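Each chain, letter by letter, is given below.
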Amino acid sequence: MGNSAPQTDARSLREELVGLDVVHQHIAAYQWAINNGRAIDVFGEFAKERNLRVFQSGNECENWIDTILNVVYKMNTLVHTGDNILKLLDRIEWYNTLFPTTALHFVGIQIMSSTHVYPVFSQPFVSSCRLATEQEITEYMTMRGFIRQEQDGVFASKDFLLSDIKPKNVLIEPDGTIFVIDAEIERLNQ
């Protein structure tokens, strides 16, 4: 799966959504997905074609895994962005800048109705790992220029405020390589 087409598609979708309220973002994303062949069905054909199986899902994403290609598909339910697709696309872009080894790649749009859609992304599946400890996370984030905040799992730099940087979202390989696989991100000083 190449990186340029999904990123180009995400930019194309983003352009369609700029200036729209949340309701009209969903309507425009629906039409964009239909017009660009990016309407997918992670509950049906898309999953069957890839032999996907349900994988550990969280609060904001439903997840499926392709064990052959070592890819996780994440359908974002937009719960942390108030159904704002544009806000999610911004957060994904920031996440990919901060954590390129576990970058999320836009796959398409899961259509629930003509006025309600969910963006779907793929991410490399990191195997042979364990959950990182709080200390390992703090050391890693400090090395990357982030300062641990008083709230659990929250780190800040001059540009970003990251939350949910907890063991459930940070993996470590036997060689010590750390992977942040999920994070909530806010841009500071815009």
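**Student:** So, helix 5 (residues 134-143): which residues are in play, and what are the values?
**Tutor:** Inspection of helix 5 places E136, I137, Y140 and M141 among the buried residues, and these make up the whole buried set. Mapping the buried residues of helix 5 onto a view down its axis gives an arc of 125°, with all of them on the same face. For helix 5, the exposed residues lying more than 90 degrees away from the buried face are Q135 and M143. Its buried side turned inward, helix 5 meets strand 7 (130-131), strand 9 (155-156), strand 10 (160-163), strand 11 (170-172) and strand 12 (178-180). G145, located one to two residues past helix 5, shows a positive phi value of around 95°.

**Student:** So what's going on with the sheet that holds strand 10? Residues and values would help.
**Tutor:** Pairing in this open sheet of 4 strands is antiparallel, and the strands run 8-9-10-13 from one edge to the other. Of all the strands in the sheet, the pair left with one neighbour each is strand 8 (147-148) and strand 13 (184-187). Note: strand 9 against strand 10, 2 bridges, orientation antiparallel. Its bridge partner lying in strand 10, A156 is registered against L161. In the packing of helix 4 (residues 85-98) onto the sheet, contacts are made with strand 10 and strand 13, and the angle to strand 13 comes to roughly 100°.

**Student:** Tell me about helix 4, residues and numbers included.
**Tutor:** With 14 residues, helix 4 extends 20 Å between its outermost C-alpha atoms, agreeing within 8% with the 20 Å of an ideal straight helix rising 1.5 Å per residue. With respect to burial, helix 4 is a largely interior element, 11 of its 14 residues being buried. When we look at burial in helix 4, the residues that qualify are I85, L86, L88, L89, D90, R91, I92, W94, Y95, N96 and L98. For helix 4, the side-chain oxygen to backbone nitrogen distance between the N-cap and L86 is 3.1 Å, and the N-cap itself is N84.

**Student:** Quick one: what's the story with unusual backbone geometry, residue by residue and with numbers?
**Tutor:** Phi is positive for L78, which is not a glycine, with a value near 65°. Note on placement: L78 falls in the loop between strand 4 (71-76) and helix 4. Phi at S128 takes a positive value of approximately 55°, unusual for a residue other than glycine. With respect to the secondary-structure elements, S128 resides in the loop between strand 6 (116-124) and strand 7.

**Student:** Lay out the sheet that holds strand 2 (residues 53-55) with the relevant residues and their values.
**Tutor:** As summarised here, the arrangement of the 6 strands in space is 1-5-6-4-3-2, forming an open sheet in which the pairing is mixed. At either end of the open sheet lies a strand with only one pairing partner, and these are strand 1 (39-40) and strand 2. By the bridge criterion, 5 bridges tie strand 4 to strand 6 in an arrangement that is antiparallel. Paired with V72 across the strands is Q123, a residue of strand 6. Helix 2 (residues 22-35) rests against strand 1, strand 5 (105-113) and strand 6 of the sheet, and its axis sits at about 110° to strand 5. In the packing of helix 4 onto the sheet, the strands contacted are strand 4 and strand 6, and the crossing angle to strand 6 comes to about 10°.

The rules behind the values
Residues numbered from 1 in each chain as written. Predicted model: local features only at pLDDT ≥ 70, side-chain atom pairs only at ≥ 80, totals over all residues. Heavy atoms only, no water. Buried < 20%, exposed > 50% of the residue type's maximum accessible area, 1.4 Å probe, protein only. Helix = DSSP H or I, 4+ residues; strand = E, 2+ residues; numbered from the N terminus. Arc of directions from axis to C-beta. Contact = heavy atoms within 4.5 Å. Pairing = 2+ DSSP bridges. Axes fitted to C-alpha atoms, helices over the stretch in contact; angles between N-to-C directions. Expected span 1.5 Å × (residues − 1). Polar contact = N/O pair within 3.5 Å; in protein donor to acceptor, adjacent residues only side chain to side chain.

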